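# Survey of secondary and tertiary structure
Each chain is listed here by its residues.
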Protein chains: 2
Amino acid sequence: MSDPGDLLAQAWQHLARGVADRRAPARHPVLATVSPDGLPEARMVVLRAASESAGTLEIHSDSETPKVAALHARPVAALHVWVPKARLQIRMSAEVEILTGAQVMAQWEKVPCAARVSYGTEPAPGKPIAQAHDYAQPGDPARFAVLHCILSRMDLLQLDTPHRRAVYCRQDLWQGTWVAP
Amino acid sequence: MSDPGDLLAQAWQHLARGVADRRAPARHPVLATVSPDGLPEARMVVLRAASESAGTLEIHSDSETPKVAALHARPVAALHVWVPKARLQIRMSAEVEILTGAQVMAQWEKVPCAARVSYGTEPAPGKPIAQAHDYAQPGDPARFAVLHCILSRMDLLQLDTPHRRAVYCRQDLWQGTWVAP
């Protein structure tokens, strides 16, 4: 008799590996948000921290990106990870806090210099430019944002034969329920 | 001088390969939608057709899934593909038509028997079950839905050094504009 808790433990192992290992599948979740005008948006992000005990994930972003604008308007996100070898789909729903400025200076200090250029692109990400490389990346601590994702729900699908799928909610203390795949 | 059209041609090659080759990265886009209560959702799907000339993609789904409920409420989606070897992120926005019944019987006839079980799971996908395998997959043509995705926008990011990013819109006849990455 299988237990939904086994699948959940497996998912958190993959998330932890994503933080530690650049080549792990959970390194690059897809983050889906709803734009201020109500449209779905999705883009790849880098997973920077994962806490199973708190049920939280952390992502870093330039604060002038459309995803941060979307999260200011609606502070909710879906995150998606596919782990090919385990044939495991990890779907997560989260409430997202946007932290900037003095709140995140300790984290900024830990960002390697080479990576700081990702925060502060001029013109801002998504703005039109005449040629492909007409932009500068001075790196600006004022543009560094931490997206603190407080998971509310996880939905795990393992494409074994036959498939297994379970749903877990924070409000049920993550105990998990099998659902039809 | 690079041309945004080169990047667009590359993206369509990857999408075509996704349709033809089970192992191609574009075989499994992430489809993001907005739930009836306004929350972002994301899950992996299988790319079944791609037409560069029409600017459309096709996905098949069980009509009783939450994604189809979401698309009935808000017929818009975002699609995401990451092509690791090309270091190319393909982001697409689409309006989605849900086709079922007599409209899609010709397509149903082409679905291999072994794959038909994906349409008609009982209880419906996402419904609670007592044990992991307490579901049946009779395969039901009445539950077969074709999601016809009419692309409105594509956003391509190539993580070369330096990065290149361009945006393309149907209303501008897909001519493309470089934007800051």
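## A closer look at the overall build of chain A
- Of regular secondary structure, chain A possesses 4 helices and 9 strands.
- Along its sequence from the N terminus, chain A presents helices and strands in the succession α-β-β-β-β-α-β-β-α-α-β-β-β.
- What you see for chain A is a C-alpha radius of gyration of 18 Å, in line with the 16 Å of a compact globule of 181 residues.
- In terms of overall dimensions, chain A has a C-alpha envelope of 60 × 35 × 30 Å along the principal axes.
- Split into buried and exposed, the 181 residues of chain A put 39% on the buried side.
- Partitioning the intrachain contacts of chain A with sequence separation of at least 6 by distance along the chain shows that 60% fall at a separation of at least 24.

## Concerning the relation of the copies chain A and chain B
- For the match of chain A to chain B, the screw axis carries a shift of 0.0 Å, the RMSD comes to 0.0 Å, and the turn is 180°. In the structure described here, the two chain copies are related by an operation that fits a two-fold rotation axis.
- Mapped onto chain B, 100% of the interface residues of chain A are again interface residues, and the two copies thus contact each other with one and the same surface.

## Topic: the interface of chain A and chain B
- In this assembly, 40 residues from chain A lie in contact with 40 residues from chain B.
- Residue composition of the side of chain A that touches chain B, grouped by class: 23 nonpolar, 12 polar and 5 charged.

## Side note on the pairing of strand β8 (residues 164–169) of chain A
Residues and elements named next belong to chain A.
- Inspection of the sheet shows strand β7 (residues 144–158) paired to β8 by 6 bridges, in the antiparallel sense. What sits directly across from Gln 158, in β8, is Arg 164.
- Linking β7 back to β8 in an antiparallel pair, the connection comprises 5 residues.
- Inspection of the sheet shows β8 paired to strand β9 (residues 177–178) by 2 bridges, in the antiparallel sense.

## Brief notes about helix α1 (residues 4–20) of chain A
All names here are of chain A.
- Between its first and last C-alpha, α1 extends 25 Å over 17 residues, near the 24 Å set by a 1.5 Å rise per residue.
- Of the positions making up α1, those classed as buried are Pro 4, Leu 7, Ala 11, Leu 15 and Gly 18. All buried residues of α1 fall inside an arc of 80° around its axis, so they share one side. Relative to its buried face, α1 has exposed residues pointing more than 90 degrees away, namely Ala 9 and Ala 20.
- Those residues of α1 hidden inside the fold are in contact with β3 (47–51), β6 (88–100), β7, β8 and β9.

## Brief notes about the pairing of strand β5 (residues 76–83) of chain B
Residues and elements named next belong to chain B.
- Within β5, 7 of the 8 residues are buried, which leaves it mostly tucked inside the rest of the structure.
- In terms of strand pairing, strand β1 (residues 30–34) meets β5 through 3 bridges, oriented antiparallel. Across the sheet, the residue bridging to Val 30 is His 80, located in β5.
- Of the strand pairs in this sheet, β5 and strand β6 (residues 88–100) are connected by 8 bridges, and their pairing is antiparallel. Looking at the pairing, His 80 lines up with Arg 91 of β6.
- The hairpin formed by β5 and β6 contains 4 residues between the paired strands, and Arg 87 there has a positive phi angle of roughly 50°.

## Some words on the environment of B:Arg48
- Examined against the element boundaries, B:Arg48 turns out to sit in strand β3 (residues 47–51).
- Contact partners of B:Arg48, with chain neighbours within four places excluded, come to B:Val19, B:Glu58, B:Ile59 and B:His60.

## A word on unusual backbone geometry
- In this structure, the amide linkage connecting A:Glu122 to the following residue, A:Pro123, adopts the cis form with an omega of -5°.
- Along the polypeptide, A:Pro123 turns up in the loop between α4 (113–116) and β7.
- In this structure, A:Arg87 takes a positive phi of about 50° despite not being glycine.
- For A:Arg87, the location among the structural elements is in the loop between β5 (76–83) and β6.
- Note on A:Arg87: 13 C-beta atoms within 10 Å, which makes it partly exposed.
- A positive phi is found at B:Trp174, a non-glycine position, where the angle reads about 65°.
- Topologically, B:Trp174 is positioned in the loop between β8 (164–169) and β9 (177–178).

## Some points on the environment of B:Val117
All names here are of chain B.
- Tracing the backbone shows Val 117 in the loop between α4 (113–116) and β7 (144–158).
- Separated by 33 residues in sequence, Val 117 and Ile 150 place their C-alpha atoms 27 Å apart.
- Each residue touching Val 117, except ones within four places of it in the same chain, is listed here: Gln 137 and Gly 139.

## Some points on helix α2 (residues 66–73) of chain B
All names here are of chain B.
- Taken residue by residue, α2 has Lys 67, Val 68, Ala 70 and Leu 71 as its buried positions. Here the buried residues of α2 occupy an arc of 155° about the axis, which is enough to place them on one side.
- Close packing links the buried residues of α2 with β1, β2 (40–44), β4 (56–62), β5, β6 and β7.

## Quick notes on the environment of A:Ala49
All names here are of chain A.
- Structurally, Ala 49 is set in strand β3.
- Separated by 27 residues in sequence, Ala 49 and Val 76 have C-alpha atoms that sit 18 Å apart.
- Every residue in contact with Ala 49, bar those within four places of it in the chain, is listed here: Val 19, Leu 57 and Glu 58.

## Comments concerning the confidence of the model for chain A
- Residues of chain A with pLDDT of at least 70 account for 99%, and the chain-wide mean is 97.
- With pTM at 0.98, the complex prediction returns an ipTM value of 0.97.

Thresholds, definitions, all that
Residues numbered from 1 in each chain as written. Chains lettered and ligands numbered in written order. Predicted model: local features only at pLDDT ≥ 70, side-chain atom pairs only at ≥ 80, totals over all residues. Helix = DSSP H or I, 4+ residues; strand = E, 2+ residues; numbered from the N terminus. Rg over C-alpha atoms; globule rule 2.2 N^0.38 Å. Buried ≥ 20, exposed ≤ 12 C-beta atoms within 10 Å, placed from the backbone. Contact = placed C-beta atoms within 7 Å. Least-squares fit on C-alpha atoms with pLDDT ≥ 70 in both. Nonpolar A, V, L, I, M, F, W, Y, C, P; charged D, E, K, R; others polar. Pairing = 2+ DSSP bridges. Expected span 1.5 Å × (residues − 1). Arc of directions from axis to C-beta. pLDDT = per-residue confidence, 0-100.

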